[in-house]
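Fold and contact review
Given next are the chains, with one letter for each unit.
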Amino acid sequence: MANFLKAGIALALTTTAAIADGHAQNWDMPMAYAATNYHSEQGVIFADRVREYTDGAINITVHPGGSLFGGGDIKRAVQTGQVPIGERFMSAHANEAPLLGWDNLPFIATSYADNAKLWDAARDSVNAQLADLNLVALYTCPWPGQGFYFNKEVASSADTQGIKFRSYNSATATFAQELGMIPVQIEAAELSQALATGVASSFISSGSTGYDRKVWEHLSHYYKVNAWLPRNYVMVNTQVWDELDDATKSAIQKAADETAASCAAKSEDLANFYFEELEKNGMTVENASPEFLKELETIGEKMTKEWLVNAGDSGQAIIDAYNAN
Ligand code: PCA
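A short tour of the structure in this document, coming up. (Residues numbered from 1 in each chain as written. Predicted model: local features only at pLDDT ≥ 70, side-chain atom pairs only at ≥ 80, totals over all residues. Heavy atoms only, no water.)

Let us look at the pairing of strand β4 (residues 135-142). Counting buried residues along β4, eight of its eight residues qualify, which places the element largely inside the surrounding structure. The pairing of β4 with strand β10 (residues 231-237) spans seven bridges and is antiparallel. Within β10, the position partnered with Leu135 by the bridge is Asn237. (Buried < 20%, exposed > 50% of the residue type's maximum accessible area, 1.4 Å probe, protein only. Helix = DSSP H or I, 4+ residues; strand = E, 2+ residues; numbered from the N terminus. Pairing = 2+ DSSP bridges.)

Right, let's talk about the side chain of Lys249 for a bit. Within the secondary structure, Lys249 is located in helix α9 (residues 246-280). No salt bridge is formed by the buried Lys249. Its closest oppositely charged neighbour is Asp246, at 4.2 Å. Discounting residues that sit within four places of it in the chain, Lys249 has contacts with Trp241, Asp242 and Leu244. (Lys, Arg positive; Asp, Glu negative; His and termini not counted. Salt bridge = Lys/Arg side-chain N within 4 Å of Asp/Glu carboxyl O. Contact = heavy atoms within 4.5 Å.)

We now examine the pairing of strand β5 (residues 147-150). Across three bridges, β5 lies against strand β8 (residues 202-205) in antiparallel orientation. Each residue of the ladder has a partner; that of Tyr149, found in β8, is Phe203. Taken together, the three bridges between β5 and strand β9 (residues 221-224) define a ladder with antiparallel strand orientation. Bridging from a neighbouring strand, Tyr149 pairs with Tyr222 of β9.

In the vicinity of the ligand, the contacting residues are Tyr33, Phe89, Trp143, Gln146, Arg166, Tyr168, Ala188, Ser205, Ser206 and Thr209. Within the contact set of the ligand, a nitrogen atom lies 2.6 Å away from a side-chain nitrogen or oxygen of Thr209. Its free accessible area being 260 Å², the ligand has 100% of it covered by the protein chains. Here the shell around the ligand is built from residues that sort into five nonpolar, four polar and one charged. (Near = heavy atom within 4 Å. Polar contact = N/O pair within 3.5 Å; in protein donor to acceptor, adjacent residues only side chain to side chain. Areas by Shrake-Rupley, 256 points an atom, 1.4 Å probe, with all protein chains shown as cover. Nonpolar A, V, L, I, M, F, W, Y, C, P; charged D, E, K, R; others polar.)

By size, the foremost hydrophobic cluster in this structure holds 58 residues, and its most contacted members are Trp102, Val126, Leu130 and Phe148. Every element with two or more residues in this core is listed here: α3 (74-79), α4 (112-132), β4, β5, α5 (170-178), β10, α9 and α10 (290-324). Top element by residues in this core is α10. It accounts for nine residues. Not counting residues up to four positions away in its chain, the partners in contact with Val126 are Met90, Leu99, Leu100, Trp102 and Trp119. Of all hydrophobic cores here, the second largest spans 21 residues; its members include Trp27, Phe46, Leu244 and Ala256. (Core = buried A, V, L, I, M, F, W, Y, C linked by side-chain atoms within 4.5 Å.)

Turning our eyes to something else, we now look at the environment of Val50. Tracing the backbone shows Val50 in helix α2 (residues 38-53). Apart from the residues within four sequence positions on either side, Val50 is in contact with Ile58, Ile60, Ile252 and Ala255.

The next thing to look at is the environment of Lys164. Along the polypeptide, Lys164 turns up in strand β6 (residues 164-167). With relative accessibility at 44%, the residue Lys164 sits in the partly exposed group. Contacts of Lys164, omitting those with residues within four sequence positions, involve Ile182, Gly198, Val199, Ala200, Ser201 and Ser202.

Between its first and last C-alpha atoms α9 spans 50 Å; for 35 residues at 1.5 Å apiece the expected length is 51 Å, and the two agree. Where α9 bends most, at Leu270, the angle is about 35°. Note on α9: the residue one or two positions beyond its end, Gly282, has a positive phi of about 100°. (Expected span 1.5 Å × (residues − 1). Bend = angle between axes of the 7 residues up to and from the residue.)

The following block contains the structure:
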């Protein structure tokens, strides 16, 4: 047999072999966002923790920036077992499973503390939904609050009509349409290109993605809105997870729990740094005007109502549990 075939088979076996026989499993982990973004850096720290706590039995290699699979393909790659593990923006999957848009509800949870409370309320139903998709979530991590980027001053929806808007999921496309803008879904990894070529000249995101993509090269204004703090999640294929022994599962979960905490702390630490960097690079960073904010809140209420219709009883249960605490 040709050597490269032998090598290929050996590699395939290491990813499926039982821990008991002493072989390490090598797990490739595609991640969707920039290598220098804290989500990806924390992914590397997670991999280090897993290696340490499993005594080298699970060896994760992180592939950030959509380099192994593009952001839009990572979930399917994990679901179908092309890779055992991966990371992606959770509400990007709300078109397939509306419940996964729980963290994309405007003005429901606008601080890190409230966002954590909302995740506590959502966790069980989200995990049940992910189980239906053949996925197990290991940890989630919030982005800073979401606001609007433009290439001009914007005081209300009178200024947003006809603008081409980069959306990152179906909820943000709806938001844009309500403001008279024209949405087009684009990966964060392709955002600079889209702005440079005029495919989009506005988007909603955190200061983090604006900083990663150096959007000051194309845009001039950021309006803080803090509409929501959406989350990324690290997911494992259910069969891969089920085949692990209990000790390995708890070692991985310990690494995941620690990374959930360190990643959320990092996000909160960096939130203002990103705004400062946008300003240093010439952007105007300010609060949205009261008039614009009021319009956004009205659209937000409509979007939450629509989400509750689509997400059904489990969606309502999340909101009720959140409000009860
Ligand atoms: N950055 C990601 C998702 C949310 C965020 O703050 C993006 O814009 O794609």
